[in-house]
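Breakdown of the fold
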Amino acid sequence: MKCNPDPLLMDLMCSLPGMCVDCAGVEEIKMCLSRGLKPDHIIYANPVKSVDGINCMRENGIWTSTVDSVEEVQKMKAVLGDDAKKCRIVIRLWVDDSHSIIALGSKFGCHVSEVRDILKEVKRCDMEAVGVAFHVGTGNEDQYAYEKAIRDSAGVFEMAQEFGFQMTLLDLGGGWAGDLGNAQFENPSLQSVCSIIHDSVKRYSVFNTEGFRMISEPGRYFNNNTVSVVCKVMNVMQREGRTVYKINEGVMGVFHDLILCDMNFLVQPLVEGEKKPACIIGPSNMEKDVIQPEIDLPEMKVGDIILFKNIGAYSVALTTLPMRRNQRHIYIVRRSSLRQHA
């Protein structure tokens, strides 16, 4: 839900049977609970929670949460007191994400060398260690990053047994490719990664236990192709042999993901004509507010429309609040309704 918390999409996702959600904060938890999601279907997957967030866990009976430091375990114990024994702790593990577009290892995750002390503190605080979570980063070009991450996770599972914990949960994280291939809706990249994951898990007997399950965080996978954004040309000018089109959205709006990574979307102007060298920029004065530095486009004028497809993940969700207030016209169209009117 972090990548697209649109209320209507949330309504749809939370209505699916057995849906479970990874929440990073109090507001996300409240959004899920208000839609009827059960507390035991929510994992508070933030390894650095606020005191208010920990109290929210207790108030709503959400006891599964991630940690990546001894200090976080101690903080949870200090806030929860005797209720800490209800906690189901998932250890967020640092894994190699050096080949990814968006690497999270500098901010989240403990190294294997730190795990023993965390497990010792979980035991001392009378909590239960139930699993391992990791994230290989978004757009990781090394498919075998999962193989290495699962190897390290197996080591943590074995280490946990020394403290009397029987781990059963392996969270494979997010960053899953949302692009579909041909008419059969195949995703070759995802299929290849899944094969590697399957073979890697089979390799370690510690995963062959009763109740073992794997989960993931496929927000980008579900949302990437769900949204198209309609933008209007605000200004047209000629610069250095190409046409520069300024539109009414930019990197402070739905194109914010361009600052974070190589955002992948399709550009479709709603005019026809001979295509010529062009550039698309956003409305702000920021130097980085460039949507497409080099692209061939038909000649357009002020007021013409450009459609940007496959922009559902980390677009509206990352928009700054002042910009978000201007994005009032959001329409949800179900494919089934299109077929009915075809």
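An account of the accompanying structure is given in this report. Residue positions are counted from 1 within each chain, in the order its sequence is given. Reporting of local features is limited, given that this is a predicted model, to residues whose pLDDT is at least 70; pairs of side-chain atoms are given and counted only at 80 or more, and all residues count toward the totals for whole chains, interfaces and linings. Excluding hydrogens and water, the side-chain figures rest on all heavy atoms present in the structure.

Let's shift gears to the overall build of the protein chain. The helix and strand labels rest on DSSP assignments: H or I over at least four residues marks a helix, E over at least two residues marks a strand, and numbering proceeds from the N terminus. Counting secondary structure elements, the protein chain contains eleven helices and 13 strands. Two residues form a contact once any of their heavy atoms are found within 4.5 Å. For the protein chain, contacts bridging at least 24 residues in sequence account for 68% of all contacts bridging at least 6. Accessible surface, the protein chain as shown: approximately 18,200 Å² in total, 50% of it carbon and sulfur. Under the convention used here, a 1.4 Å probe and the Shrake-Rupley method define accessible areas, while residue burial counts only the protein chains that appear.

Another point: the pattern of salt bridges. Between side chains of opposite charge, a pair can form as their charged atoms come close. Basic side-chain nitrogens of Lys or Arg form a salt bridge, by our definition, when they fall within 4 Å of a carboxyl oxygen of Asp or Glu. Under the counting rule described, the total for this entry stands at ten salt bridges. Across the salt bridge formed by Asp-11 and Arg-35, the nearest N and O atoms sit 2.6 Å from each other. Here Arg-35 lies in the loop between α2 (26-34) and β2 (42-44) and Asp-11 lies in helix α1 (residues 7-14), a separation of 24 residues in the sequence. Its salt-bridge partner being Asp-83, residue Arg-58 comes within 3.4 Å of it at the nearest N-O pair. In this pair, Arg-58 is assigned in helix α3 (residues 51-60) and Asp-83 in the loop between α4 (70-80) and β4 (88-92), connecting sequence segments 25 residues apart. Linked through salt bridges whose partners overlap, the residues forming this network are Lys-49, Glu-72 and Lys-75.

Time to look at the packing of aromatic side chains. A pair of Phe, Tyr and Trp rings is counted when the ring centres sit within 6.5 Å of each other, with Trp represented by its six-membered ring. The angle between the planes then sorts it: under 30 degrees is stacked, over 60 is edge-to-face, the rest tilted. Enumeration over the complete set of coordinates arrives at eight aromatic pairs. Here Phe-265 and Phe-308 contribute two aromatic rings whose centre-to-centre distance is 5.7 Å and whose plane-to-plane angle is 75°, an arrangement assigned as edge-to-face. Taken as a pair, Phe-265 in the loop between α9 (257-260) and β10 (266-269) and Phe-308 in strand β13 (residues 305-309) lie far apart in primary sequence, 43 residues in all. An aromatic cluster of at least three residues, connected via ring pairs, comprises Phe-157, Tyr-204, Phe-207 and Phe-212. Look at NZ for Lys and CZ for Arg. If either is within 6 Å of the ring centre and within 35 degrees of the ring normal, a charge sits over the ring. In this arrangement the basic side chain of Lys-49 is found over the ring face of Tyr-44, its NZ or CZ atom lying 5.8 Å from the centre. When the ring centre of Phe-165 is taken as origin, the NZ or CZ atom of Lys-123, which lies over that ring, is 5.3 Å away.

Here His-135 shows up in the loop between β5 (128-133) and α6 (145-162). Engagement of the side chain of His-135 in a polar contact is seen with the backbone nitrogen of Gly-174, the distance being 3.4 Å. Think of a polar contact as two N or O atoms within 3.5 Å of one another; within protein, one of them needs to be a possible hydrogen donor and the other a possible acceptor, and neighboring residues in sequence only count if both atoms come from side chains.

Right, let's talk about helix α5 (residues 112-124) for a bit. For α5, which comprises 13 residues, the first-to-last C-alpha distance of 19 Å matches the rise-based estimate of 18 Å (1.5 Å per residue) to within 8%. Exposure categories follow from relative accessible area, calculated using a 1.4 Å probe and restricted to protein chains: below 20% of the type maximum is buried, above 50% is exposed, and the middle band is partly exposed. Of all the positions in α5, only Val-115, Ile-118, Leu-119, Glu-121 and Val-122 are classed as buried. Buried residues along α5 cover an arc of 165° about the axis, so they all sit on one side. Turned more than 90 degrees from where α5 packs its buried face, Ser-113 and Arg-124 sit exposed. On the buried face of α5, the contacting elements are β3 (64-67), α4, β4, β5 and α6. A positive backbone phi angle near 65° is found at Asp-126, which sits one or two residues after α5. A helix is expected to span 1.5 Å multiplied by its residue count minus one. As used here, the arc belongs to the directions running from the helix axis to the C-beta atoms.

The next point concerns the environment of Phe-157. Mapping Phe-157 onto the fold places it in helix α6. Under the relative-accessibility criterion, Phe-157 is labelled buried at 1%. For Phe-157 and Ala-129, which are 28 residues apart along the polypeptide, the C-alpha to C-alpha distance reads 9.6 Å. Ignoring sequence-local partners within four residues, the contact set of Phe-157 consists of Val-132, Met-167, Thr-168, Leu-169, Val-206, Phe-207 and Phe-212.

Where α2 contacts α3, the two axes come as close as 10 Å, and the packing angle between them is 20°. With respect to α3, the axis of α2 lies roughly parallel. Facing Val-26, Ile-29 and Leu-33 of α2, the residues of α3 in contact are Asp-52, Gly-53, Cys-56 and Asn-60. For this classification, the nonpolar set comprises Ala, Val, Leu, Ile, Met, Phe, Trp, Tyr, Cys and Pro, the charged set comprises Asp, Glu, Lys and Arg, and every other residue, Gly included, is treated as polar. Among the residues making up the contact of α2 with α3, the classes are represented as four nonpolar, two polar and one charged. In this description, a line fitted to the C-alpha atoms serves as the axis of each element, helices being fitted only across the stretch in contact, and the angle between N-to-C directions of two axes falls anywhere from 0 to 180 degrees. By definition in this entry, angles of less than 35 degrees are roughly parallel, angles greater than 145 are roughly antiparallel, angles of 65 to 115 are roughly perpendicular, and the rest are oblique.

Attention now goes to the packing of α4 against α5. As a packed pair, α4 and α5 sit with axes 9 Å apart at the nearest point and diverge in direction by 15°. Relative to α5, the element α4 is oriented roughly parallel. Every pair of crossing elements has a handedness; the one defined by α4 and α5 is right-handed. Along its contact with α4, which presents Val-70, Val-73 and Gln-74, the element α5 presents Asp-117, Ile-118, Glu-121 and Val-122. Split by residue class, the contact of α4 with α5 holds four nonpolar, one polar and two charged. Throughout, a crossing is termed right-handed when the near helix is turned clockwise from the far one, and left-handed when it is turned anticlockwise from it by less than a right angle.

With that settled, the discussion passes to the environment of Val-26. Structurally, Val-26 can be placed in helix α2. According to the relative accessible area criterion, Val-26 is partly exposed, its value standing at 22%. The sequence separation of Val-26 and Gly-53 amounts to 27 residues, and the corresponding C-alpha distance is 5.7 Å.

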